[in-house]
Amino acid sequence: MAAAAEPRARAWLGSSSPRPGSPASSPELGGRGRARPGPGPGPGSGSGPERAGARTPGPAASGHSFRKVTLTKPTFCHLCSDFIWGLAGFLCDVCNFMSHEKCLKHVKTPCTGVAPSLVRVPVAHCFGPRGFYKRKFCAVCRKALEAPALRCEVCELHVHPDCVPFACSDCRQCHWDGHQDHDAHHHHWREGNLPSGARCEVCRKTCGSSDVLAGVRCEWCGVQAHSVCSAALAPECTFGRLRTMVLPPVCVRLLSRNFSKMHCFRISESAAPEQAGEGDDGADGSAPAGLGREVLAPDSSKQTLKIFDGNDALQRNHFRVITVPRHARSQEMLEAALRAYYVMEDPCDFELQALPPSVHTMDMGTRGRTRAGGSAEEEGSRGPGSREAAPEAWILRALPHTQEDLKIYPAWLKVGVAYVSIRVTPRSTAWTVLLEALLLLGRQAEGPESFQLEEVLMGSRQVQRTVLEDEEPLLTRLRDIRQTSLRQMTQTRFYVAESRAVAPRVSLYVAGLPFGLSAQEYGSLLDEAVATKAGLVSVSHVYSSQGAVVLDVACFAEAERLYMLIKDTAVHGRPLTALVLPDVLHTKLPPDSCPLLVFVNPKSGGLKGRDLLCSFRKLLNPHQVFELTNGGPLPGFHVFSQVPCFRVLVCGGDGTVGWVLAALEEMRHRLACPEPSVAILPLGTGNDLGRVLRWGAGYSGEDPFSVLVSVDEADAVLMDRWTILLDAHEAGAAEDSVADVEPPKIVQMSNYCGIGIDAELSLDFHQAREEEPGKFTSRFHNKGVYVRVGLQKISHSRGLHKEIRLQVEQQEVELPSIEGLIFINIPSWGSGADLWGSDSDSRFEKPRMDDGLLEVVGVTGVMHMGQVQGGLRSGIRIAQGSYFRVTLLKATPVQVDGEPWVQAPGHMIISAAGPKVHMLRKTKQKPRKAGTPKDARADGVPIPEGDSK
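Residues numbered from 1 in each chain as written. Predicted model: local features only at pLDDT ≥ 70, side-chain atom pairs only at ≥ 80, totals over all residues. Heavy atoms only, no water.

Brief notes about the pattern of salt bridges
Keep this limit in mind: Note on definitions: salt bridges are taken to be side-chain nitrogens of Lys or Arg within 4 Å of carboxyl oxygens of Asp or Glu. Going along the chain from the N terminus, every DSSP run of H or I of four or more residues is numbered as a helix, and every run of E of two or more is numbered as a strand. Only protein chains enter the accessibility calculation, which uses a 1.4 Å probe; a residue whose area is less than 20% of its type maximum is buried, one above 50% is exposed, and one in between is partly exposed.
Per the stated rule, a full pass over the model turns up 32 salt bridges. In this structure, Asp-552 and Arg-505 form a salt bridge, with 3.4 Å as the shortest nitrogen-oxygen distance. You can see Asp-552 sitting in strand S23 (residues 548-553) and its partner Arg-505 sitting in the loop between strand S20 (492-498) and strand S21 (506-511), a full 47 residues away along the chain. Asp-552 sits in the buried class, given a relative accessible area of 17%. Note on Arg-505: relative accessible area 34%, which makes it partly exposed.

Some words on the packing of aromatic side chains
Filter applied, for reference: Note on ring pairs: Phe, Tyr and Trp rings are taken, using the six-membered ring of Trp, and paired if centres are within 6.5 Å. Classes follow the plane angle, with under 30 degrees stacked, over 60 edge-to-face and the rest tilted.
Overall, the coordinates contain 14 aromatic pairs when judged by the stated rule. Ring geometry for Phe-76 and Phe-83: centres 5.6 Å apart, planes at 75°, overall edge-to-face. On the numbers, 5.3 Å between centres and 70° between planes, the contact of Phe-823 with Phe-884 is edge-to-face. With a gap of 61 residues between them, Phe-823 in strand S38 (residues 820-824) and Phe-884 in strand S41 (residues 883-888) connect regions that are remote in the sequence. Just as Phe-823 is buried, Phe-884 falls in that class too.

Looking at the state of the cysteines
The condition is simple: By convention in this document, the label disulfide applies to cysteine sulfur atom pairs within 2.5 Å.
All chains considered together, the criterion is met by zero disulfides. Among the cysteines around Cys-614, which has no disulfide bond, Cys-152 carries the closest sulfur, lying 8.1 Å off. For Cys-614, a relative accessible area of 3% corresponds to the buried category.

Some details on empty space enclosed by the protein
Counted only if it meets this: In this analysis a 1.4 Å probe is tested at points of a 1 Å grid over the protein atoms alone, and where it fits but cannot get out there is a cavity; an open set with protein on both sides within 12 Å along at least five of seven lines is a pocket; lining residues have an atom within 4 Å of a point. Grid points are joined across faces, edges and corners, and a volume is the space filled by probe spheres set on the points. Polar here means any residue outside two lists: the nonpolar Ala, Val, Leu, Ile, Met, Phe, Trp, Tyr, Cys and Pro, and the charged Asp, Glu, Lys and Arg; Gly therefore counts as polar.
Counted according to the given criterion, the structure contains eight cavities of 30 Å³ or more. One number sums up the size of the second largest cavity: a volume of about 70 Å³. Taken together, Thr-112, Gly-113, Pro-116, Pro-165, Phe-166, Tyr-341, Tyr-342, Arg-487, Thr-490 and Gln-491 make up the full set of residues lining the second largest cavity. Looking at the lining of the second largest cavity residue by residue, the class counts come to five nonpolar, four polar and one charged.

Brief notes about the pairing of strand S39 (residues 854-859)
The condition that has to hold: Criterion used throughout: strands pair if DSSP finds at least two bridges between them.
When you tally the buried positions in S39, you get six out of six residues, the bulk of the element. Of the two faces of S39, both are covered, the one formed by Leu-854, Val-856 and Gly-858 as well as the one formed by Glu-855, Val-857 and Val-859. Of the pairings in the sheet, the one linking S38 to S39 comprises five bridges and is antiparallel in character. Bridging from a neighbouring strand, Phe-823 pairs with Val-856 of S39. As paired strands, S39 and strand S40 (residues 876-881) are joined by five bridges and run antiparallel to one another.

Some words on the sheet that holds strand S37 (residues 811-813)
Either a parallel or an antiparallel arrangement is found when strands of a sheet pair, and the pairing is made through backbone hydrogen bonds. Applied cut-off: Lines fitted to C-alpha atoms define the axes here, with helix axes fitted over just the stretch in contact, and angles between the N-to-C directions of these axes take values from 0 to 180 degrees.
Across the sheet, six strands lie side by side as S34-S33-S44-S41-S36-S37; this open sheet has antiparallel pairing. Looking along the sheet, the strands with just one partner apiece sit at the ends: strand S34 (745-749) and S37. Between one strand axis and the next, the sheet turns by 25° as a mean value, whatever way the strands run. Pairing of S41 with strand S44 (residues 906-912) involves six bridges; the strand directions are antiparallel. Across the sheet, the residue bridging to Thr-887 is His-907, located in S44.

So this is what it looks like as structure tokens:
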């Protein structure tokens with residue numbers, strides 16, 4: 001019983017201390033998790049393109065089991081990524097790490113078998129749907145991802161589905177959860193899958209490879225290096241180029257407990273893998289793990305065996321397949337089985353028990369109740385070379401011991417030892433082990449009542465913590481865990497933690513409620529719908545205009561119950577939405593911090609919105625990235641409400657931008673930063689506002705990192721916002737049943753408002769998209785549909801000037817013969833057309849998007865609109881002003897910023913909407929030519945220093 005003061009890299013192998021600062025030993029290099037995900041197991045001895053040779057012990061600190069192999073095809077070194085010349089290389093039997101002989105002594109990348117012991121703070125991954133990832137490699141088995149694979153939505157971990165159970169819980173730690181304290185923020189290294197042209201930060205040589213898993217990259221600051229060179233870098237991470245835009249993890253608090261990562265990061269259920277995994281973090285459920293990796297001919301000299309690692313795998317029928325020679329001794333079979341499950345302990349502590357065919361073929365409900373009998377030695381004695389000599393299925397079992405050495409980790413990080421080792425006997429309980437651990441850690445003077453012993457299961461999908469009862473016999477518990485799953489035992493860790501836990505507090509955002517109620521009414525409504533517990537649940541924030549509230553829940557179990565129940569509940573016919581929200585500790589933000597709040601509409605731009613959502617979660621803190629189809633923009637503004645300075649990036653079309661700006665207008669008085677600047681990444685079809693602000697006609701696959709840099713360098717400009725009051729008259733409803741009479745309502749406008757023919761075309765397009773949304777995934781197709789509906793209306797004539805009346809500044813304006821009336825705030829309409837035109841006119845002021853004026857333009861029909869978009873004509877200039885009143889004599893199509901509907905007869909009043917909004921205009925990459933009038937209008941006027949109007 002002695003303190004293990006050496007680094008964790010000596011967890012199981014090796015008598016020599018690893019070099020300080022190496023990825024295998026240094027907690028600094030690992031960030032808050034291991035520096036890289038683990039490699040993975042080969043299917044067995046002698047598999048793959050290499051032929052077996054003499055064994056060579058690998059570096060003790062990295063835990064590899066190297067053997068010399070004869071190469072039969074071009075092979076690259078996983079350390080230096082160079083080609084291995086000659087016929088000999090060194091292959092790790094467990095994780096498939098390949099190396100030059102000269103590189104062996106420099107290997108610091110830990111083997112998958114020892115990787116869990118190197119995790120500093122276990123953080124589960126968040127796997128999205130399966131996909132094809134070209135030139136990517138599995139972080140567990142180090143092989144290419146040729147079939148559909150899984151990718152973490154938060155970090156750059158890529159794995160095969162059947163490798164998921166063996167992936168380390170070493171995801172980025174993006175928030176404080178009350179279990180650890182923090183000194184400095186360290187690099188979080190991830191191995192491999194770098195761009196082929198990536199250069200090492202230390203030696204400036206190429207460190208990326210498209211042939212093997214090589215090189216490391218910090219997932220916060222993006223610095224790249226060789227795994228050996230990374231030891232020369234300072235352990236502290238500064239967040240790199242995006243430092244001021246990233247929300248630091250130490251500034252985010254989320255006491256999530258058993259909420260999954262999908263819930264914590266508000267990732268919609270549609271992004272989850274289609275099929276459940278093994279246990280909490282298991283392999284794909286469609287096929288048992290490891291099955292089908294190698295198909296052998298009937299006359300092969302080798303045999304394949306199914307290996308189960310415990311009762312849980314037997315019940316679920318999840319097994320690994322190993323390949324061994326038909327004449328293999330039982331010891332060889334045992335070693336191959338242990339390697340398949342990445343168990344790197346002494347083989348003498350385990351045995352293989354044969355499973356009779358009646359056990360592994362019976363119904364899954366009875367399989368787990370059948371005891372396995374027969375050892376490998378007994379089965380092997382039936383005669384080598386015979387297929388009956390070795391059953392098809394075996395189960396790995398740990399041999400019972402009367403005592404074991406158990407590693408106990410301190411739950412606080414500011415300590416000089418990684419863990420202490422304690423001898424556990426049949427008389428050892430959680431209380432006696434706790435007393436011994438406190439003595440070795442030097443905390444015995446504080447009293448054992450202030451501490452507790454926790455069991456932590458470090459699953460790749462979820463990290464589960466269990467507080468052990470004082471009288472829990474630990475030796476019996478260890479045996480039970482091994483009986484359940486040997487793999488689970490390698491992923492289980494015991495911690496001494498302070499028992500004065502942080503008071504439970506979970507913020508739940510609930511939307512979909514009726515509008516306009518008080519806090520007491522919302523509380524009563526929720527109590528009736530989901531039976532909230534009065535002493536544990538309170539309404540902390542009310543957004544009555546949005547029909548949403550934020551609940552403070554003082555119990556983890558109650559928060560979890562409410563979350564699951566609310567998602568399946570409807571109130572007054574409307575389904576409710578529930579989100580788990582973090583708290584931003586704004587007082588801990590650095591003085592120069594200006595974090596970026598990102599909103600992404602995944603339905604915009606085909607699949608590009610979904611890809612951007614994943615990219616921004618990895619480049620920034622995922623707590624600052626919000627999916628608009630999962631709760632809208634309100635949760636994001638609520639989370640950032642106390643941040644003194646922040647900016648906003650909206651990824652979507654003009655309608656999405658308007659949605660976010662409207663929410664910002666409603667939340668302005670609740671924000672510590674009431675006027676955040678807004679940037680746009682255009683994903684829609686027209687993207688007129690994005691064009692004016694120089695963000696382009698549409699996103700075409702630019703590097704997301706470059707997009708963020710452009711946002712950081714963008715200039716702030718002002719833009720007018722307009723309010724449109726819609727007041728329908730009941731008397732006119734009888735004339736035309738197309739329009740439904742509604743009470744007066746208000747909509748916000750940023751770009752333009754169209755009445756008549758252009759709104760009618762938008763409405764036809766909208767209806768076509770609603771009928772077949774799957775076809776509207778490309779900008780080119782969308783514009784084709786616009787052309788088609790336009791051609792259908794080319795001979796249409798309704799005489800709009802006879803059906804409406806226009807007042808400007810309370811003065812009646814006579815309308816010419818037109819089919820469409822358009823109010824424009826920006827010099828771009830209909831995918832970039834200049835509707836007002838560039839000709840000077842003494843009757844009107846030069847238009848700008850921040851001048852407090854709207855321009856009124858008329859079009860005579862579809863042909864005229866086509867000529868405007870082709871640059872052959874401009875619209876008919878009618879008026880310019882700041883207050884408009886339009887009287888609709890009949891039900892008429894209306895569109896605002898591309899969102900169309902049929903408006904009933906009545907009045908439309910358009911006026912300025914209070915403060916101007918601050919927008920971000922992309923900085924020009926080239927010097928601007930002596931300006932054309934159009935350029936000058938599009939630029940607007942930059943915001944003077946300190947101007948907040």
